[in-house]
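Residue-level structure breakdown
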Amino acid sequence: MKEFFETYIQHQEDIEYFLQESLKNIGSLSSHKKNDFKQLYKIFPSLELVYIINKDTKIQTSNNFYRYKIDENGKDKDRSHLISKLHFKESNMAFSKPYISSATRSTCVTVTIKEGDEIFFLDFQIDVLLQKLNLIELNKPFHSLTKGFYILAGFSMMLLALATIIFSLYDFVIYIFSKHDIVLEMIFKPIIALTLSIAIFDLAKTILEQEVFFKSYSKNSRVETKLLTKFLTTIIIALSIEALIVVFKIAINDYDQMINAFYLIAGIALILISLTVFIYFSSKRYKQTTDSQNL
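Residues numbered from 1 in each chain as written. Predicted model: local features only at pLDDT ≥ 70, side-chain atom pairs only at ≥ 80, totals over all residues. Heavy atoms only, no water.

This brings us to the overall build of the chain. Scanning the chain for helices and strands turns up nine helices and seven strands. The buried share among the 295 residues of the chain stands at 35%. In the chain, once contacts between residues fewer than 6 apart in sequence are set aside, the share between residues at least 24 apart is 57%. Counting only carbon and sulfur atoms, one obtains 60% of the accessible surface of the chain, whose full area is about 18200 Å². (Helix = DSSP H or I, 4+ residues; strand = E, 2+ residues; numbered from the N terminus. Buried < 20%, exposed > 50% of the residue type's maximum accessible area, 1.4 Å probe, protein only. Contact = heavy atoms within 4.5 Å. Areas by Shrake-Rupley, 256 points an atom, 1.4 Å probe, with all protein chains shown as cover.)

Right, dumping it as structure tokens:
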């Protein structure tokens, strides 16, 4: 779905021009109220919702007209928060940024048109709009399967992260109340488990945000760099704690094996250097991209 947003941004000017000219050609929207905008839905396969707001009172004066149903819950609600975000062009038409519709839970863009004392809101589904304009080829069964896989994988990772936390704390509490002597290793093990759980949870959260719930639409190296940086940082912390335990155990039990601890620490240092180089070049590339966009 991130690709839909990226494609829309690339062709935003052409898409808005297409919608603007198409809506102009159909004439007054008020004439379509009598048949619940059914004719509009025949003309625009990507249209998914139509409703009307009074320009002065900023109250919704109509029901929510969907393609196959009419919902009365939206009528008489205050929509001033929507009006405040509108920036009308000379054609009395405004376009929103892509967003997730609270009514349909799909990615859409809203076209707003002034006609007399009324403001018409038309929500267009982005994926269908792009498909009809031949900007993407959408296989809905495969898309649904992919989304379902991300949902399953994301929530499974969250459950595993939670299970890891519960198991590590349970094991620690059982050990504390047993008759065994408390050793330093048993204190560090829950910390490592908790650290890894954070890394797993962050990865799952990002997957769900980017591929399912779309909390963030910014499909760029910035988001992916942030995710990889957080994940590797967590892994480095966990490995560093493990290396510290290894050093203590070798120093107490078998000092001749200290070279193995050195290899582990050297490996951690190599990962840290690689992460530093990665962050440096990623930040440099992001800055260059930002500068070019500003120009």
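Next comes the rest of the write-up.
Enumeration over the complete set of coordinates arrives at two salt bridges. Close ionic contact of E118 with K33 constitutes a salt bridge, the shortest N to O distance being 3.1 Å. With E118 in strand β7 (residues 118-125) and K33 in the loop between α2 (12-25) and α3 (38-43), this residue pair connects regions lying 85 residues apart in the sequence. The exposure class of K33 is partly exposed, given its relative accessible area of 32%. (Salt bridge = Lys/Arg side-chain N within 4 Å of Asp/Glu carboxyl O.)

Once that is clear, we can look at the layout of surface pockets. A volume near 620 Å³ is recorded for the largest pocket. Every element with two or more residues in the lining of the largest pocket is listed here: β1 (47-54), β4 (93-95), β5 (99-100), β6 (107-115) and β7. (1 Å grid on protein atoms, 1.4 Å probe; cavity = no way out; pocket = protein on both sides within 12 Å on 5 of 7 lines; lining within 4 Å. Points joined across faces, edges and corners; volume = space filled by probe spheres on them.)

Glancing now at the UniProt feature "transmembrane region" (unreviewed entry) in the chain. Taking the UniProt record as the reference, the feature "transmembrane region" (unreviewed entry) is found at residues 149-170, 190-208, 228-252 and 258-281. The annotated region residues 149-170 carries 100% helix and 0% strand content, and the separation between its end C-alpha atoms amounts to 31 Å. A helix fraction of 100% and a strand fraction of 0% characterise residues 190-208, whose end C-alpha atoms lie 27 Å from each other. (UniProt positions renumbered as here; feature names shortened; annotations may be inferred.)

The next thing to look at is the nonpolar core. Core analysis: the largest hydrophobic core is formed by 27 residues, its most contacted members being L23, F37, L40, L47, V111, L122 and F124. Of all the elements in the fold, those that place two or more residues in this core are α1 (2-10), α2, α3, β1, β4, β6, β7 and α5 (126-132). Each residue touching F37, except ones within four places of it in the same chain, is listed here: L29, H32, V50, I52, F65 and F120. (Core = buried A, V, L, I, M, F, W, Y, C linked by side-chain atoms within 4.5 Å.)

Going through the model one piece at a time under the given rule, you end up with seven aromatic pairs. Seen from their ring centres, F44 and F124 are 5.5 Å apart, and the 85 degrees between their planes marks the pair as edge-to-face. Of this pair, F44 sits in the loop between α3 and β1 while F124 sits in strand β7, and the two are 80 residues apart along the sequence. There is no split in this pair, since F44 and F124 are both buried. Consider the rings of F262 and Y263, whose centres lie 6.2 Å apart with planes at 55 degrees: the pair is tilted. According to the relative accessible area criterion, F262 is exposed, its value standing at 52%. With a relative accessible area of 53%, Y263 lands in the exposed category. Counting every residue linked through ring pairs, the aromatic cluster contains F37, F65 and F120. Over the ring of F88 we find K114, and its NZ or CZ is 4.4 Å from the ring centre. (Phe/Tyr/Trp six-rings, centres within 6.5 Å; stacked < 30°, edge-to-face > 60°. Lys NZ or Arg CZ within 6 Å of the ring centre and 35° of its normal.)

What follows covers the confidence of the model for the chain. Looking at the chain as a whole, the pLDDT averages 82, with 88% of positions reaching at least 70. The spread of mean pLDDT over the elements of the chain runs between α1, the lowest at 75, and β1, the highest at 93. Confidence drops under pLDDT 50 across residues 215-220; counting only partners more than four residues distant or on other chains, this segment forms 14 contacts. (pLDDT = per-residue confidence, 0-100.)

Let's shift gears to α2. Side chains that are three or four residues apart share a direction in an α-helix, a result of its 3.6 residues per turn. If you check α2, its first and last C-alpha atoms are 20 Å apart, about what 14 residues at 1.5 Å a residue would give, namely 20 Å. At the C-terminal side of α2, G27 shows a positive phi close to 85 degrees. (Expected span 1.5 Å × (residues − 1).)

Most of β1 is tucked away, with eight of its eight residues classed as buried. Here β1 pairs with strand β2 (residues 64-66) via two bridges, running antiparallel. Within the sheet, the bridge partner assigned to L49 lies in β2 and is Y66. (Pairing = 2+ DSSP bridges.)

Moving on, we get to the side chain of S62. Along the polypeptide, S62 turns up in the loop between β1 and β2. Under the relative-accessibility criterion, S62 is labelled buried at 7%. At a separation of 2.8 Å, a polar atom in the side chain of S62 contacts the main-chain amide nitrogen of I52. With sequence-adjacent residues up to four places away left out, S62 is seen in contact with Y51, I52, G74 and K75. (Polar contact = N/O pair within 3.5 Å; in protein donor to acceptor, adjacent residues only side chain to side chain.)

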